[in-house]
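# Chains, contacts and geometry: an overview
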Amino acid sequence: RKEVEQDPGPFNVPEGATVAFNCTYSNSASQSFFWYRQDCRKEPKLLMSVYSSGNEDGRFTAQLNRASQYISLLIRDSKLSDSATYLCVVNSPGFQKLVFGTGTRLLVSP
Amino acid sequence: GAVVSQHPSWVICKSGTSVKIECRSLDFQATTMFWYRQFPKQSLMLMATSNEGSKATYEQGVEKDKFLINHASLTLSTLTVTSAHPEDSSFYICSARTSGRTDTQYFGPGTRLTVL
């Protein structure tokens with residue numbers, strides 16, 4: 001089983017749509033969780049950290065369910081510029097390194 | 001925010017040659033730097049973790065004699081791909097972490113290596 005699993009997509013949505021991405025992780029001892037965004041042929045950029053109580057940043061909402069080892073990202077009112085690959089990232093306990101999911105590709109069309 | 005640069009941004013080389021990639025933290029001191037590799041349509045795979053002044057820790061399956069890492073200062077780490085072969089063609093990305101923020105990593109823009 002992969003340490004971090006994501007649906008690869010692609011998710012094709014029209015502008016203005018709401019879209020949700022899910023991610024599961026295998027190590028119950030993980031403590032830090034993130035969503036990164038990666039554009040084609042570019043480096044990943046931190047979108048937001050994910051906290052146990054859930055957190056929101058503008059149109060983006062992240063949720064964490066530790067019992068189910070499940071992380072989600074909700075994007076409201078999708079923009080064309082949201083088209084990218086979204087990477088679910090989890091820390092590897094004891095090793096102080098990050099483990100990346102394979103990413104979910106989002107395509108927002110006019 | 002913290003800025004990490006990489007040089008070169010892309011390189012094309014002949015099979016059998018060695019290529020050096022530099023990773024610099026521009027406005028902070030990076031006690032730890034990480035080197036990743038990303039093949040097309042795949043996620044980032046950690047190759048090695050480099051702590052300033054000590055030997056790098058390589059992930060399983062990564063040849064330390066082929067991928068030489070040097071982290072001689074708090075702002076510079078280098079990755080040298082020795083005797084490169086076409087299968088080494090990939091997107092190499094470094095990241096840097098400060099001592100106070102154990103999980104936040106700042107990524108460089110990546111280096112695209114093509115070995116002919």
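These remarks concern the structure in this document.

### Digging into the overall build of chain B
Check the secondary structure of chain B and you find 0 helices and 11 strands. Reading the secondary structure of chain B in the N-to-C direction produces β-β-β-β-β-β-β-β-β-β-β. Computed over its C-alpha atoms, the radius of gyration of chain B comes to 13 Å, within 12% of the 13 Å expected for a compact globule of 116 residues. Dimensions of chain B along its principal axes, counting C-alpha atoms only, are 40 × 25 × 25 Å. Considering chain B as a whole, with its 116 residues, one finds that 50% of them fall into the buried category. A total accessible area of about 5700 Å² is found for chain B, and carbon and sulfur atoms account for 52% of it. Computed over 11 positive and 9 negative side-chain charges, the separation of the two mean positions in chain B equals 3 Å.

### Details of the pattern of salt bridges
Residue and element names in this part refer to chain A. Counted by the stated rule, this structure contains 8 salt bridges over all chains. Glu-43 serves as the salt-bridge partner of Lys-45, at 3.4 Å between the closest nitrogen and oxygen. A residue is classified by how much of its surface remains accessible, and Lys-45, at 48% relative accessible area, is partly exposed. Residue class for Glu-43 comes out buried when judged on its relative accessible area of 11%.

### Things to note about the side chain of Gln6(A)
Residue and element names in this part refer to chain A. Turning to its location among the elements, Gln-6 is positioned in strand β1 (residues 4-6). There is a polar contact of 2.9 Å between the side chain of Gln-6 and the backbone nitrogen of Cys-88. One polar contact links the side chain of Gln-6 to the main-chain amide nitrogen of Gly-103, over a distance of 3.0 Å. With residues up to four places along the chain from it excluded, the contact list for Gln-6 reads Asn-22, Cys-23, Trp-35, Tyr-86, Leu-87, Cys-88, Gly-101, Thr-102, Gly-103 and Thr-104.

### Digging into the layout of surface pockets
Roughly 730 Å³ of volume is contained in the largest pocket. Together, 26 residues line the largest pocket, and Cys40(A), Thr85(A), Pro40(B), Lys41(B) and Gln42(B) are the ones closest to its centre. Across the lining of the largest pocket, the residue classes tally to 10 nonpolar, 10 polar and 6 charged. If you trace the second largest pocket, you find 22 residues lining it, with Val99(A), Phe100(A), Leu44(B), Met45(B) and Leu46(B) closest to the centre. Listed by contribution, the elements that provide at least two residues to the lining of the second largest pocket are β10 (97-100) of chain A together with β4 (32-38) and β5 (45-51) of chain B. A per-element tally of the lining of the second largest pocket places β10(A) first, with 4 residues. Its residues assigned to classes, the lining of the second largest pocket comprises 11 nonpolar, 6 polar and 5 charged.

### A few points about the pairing of strand β11 (residues 111-115) of chain B
All names here are of chain B. Residues of β11 alternate between two faces, with Thr-111, Leu-113 and Val-115 buried on one and Arg-112 and Thr-114 left unburied on the opposite face. Two elements, strand β2 (residues 10-13) and β11, share 4 bridges in a ladder whose sense is parallel. By the bridge assignment for β11, Val-11 is matched with Leu-113.

Cut-offs and rules
Counting restarts for each chain: residues are numbered from 1 in the order of the written sequence. Each chain takes a letter, starting from A, and each ligand takes a number, starting from 1, following the order in which they are written. The predicted origin of the model limits local features to residues at a pLDDT of at least 70 and limits the giving and counting of side-chain atom pairs to 80 or more, whereas totals for whole chains, interfaces and linings rest on all residues. The side-chain figures draw on all heavy atoms in the structure; neither hydrogens nor water molecules are used. Each helix is a run of DSSP H or I of at least 4 residues and each strand a run of E of at least 2, with the numbering of both proceeding from the N terminus. For this measure, only C-alpha atoms enter the radius of gyration; the expected value for a globule follows 2.2 Å times N^0.38, where N is the number of residues. Note on exposure labels: buried denotes an accessible area under 20% of the residue type's maximum, exposed denotes more than 50%, and partly exposed covers the range between, all computed with a 1.4 Å probe on protein chains only. The Shrake-Rupley method, run with a 1.4 Å probe sphere, supplies the accessible areas, and residue values consider only the shown protein chains as cover. Neither His nor the chain ends is counted toward charge; the positive residues are Lys and Arg and the negative residues Asp and Glu. One atom stands in for each charge, and that atom is NZ of Lys, CZ of Arg, CG of Asp or CD of Glu. Any carboxyl oxygen of Asp or Glu that lies within 4 Å of a side-chain nitrogen of Lys or Arg is treated as forming a salt bridge with it. What qualifies as a polar contact is a pair of N or O atoms within 3.5 Å, subject to a donor-acceptor requirement within protein and to the restriction that residues adjacent in sequence count only when both atoms come from side chains. Residue contacts are counted whenever heavy atoms from the two residues lie within 4.5 Å of one another. In the cavity and pocket records, a cavity denotes points on a 1 Å grid over the protein atoms alone where a 1.4 Å probe fits but cannot get out, a pocket denotes an open set with protein on both sides within 12 Å along at least 5 of 7 lines, and lining residues are residues with an atom within 4 Å of a point. Grid points are joined across faces, edges and corners, and a volume is the space filled by probe spheres set on the points. Residues are grouped as follows: Ala, Val, Leu, Ile, Met, Phe, Trp, Tyr, Cys and Pro are nonpolar; Asp, Glu, Lys and Arg are charged; every other residue, Gly included, is polar. In this description, strands pair whenever DSSP reports at least two bridges between them.

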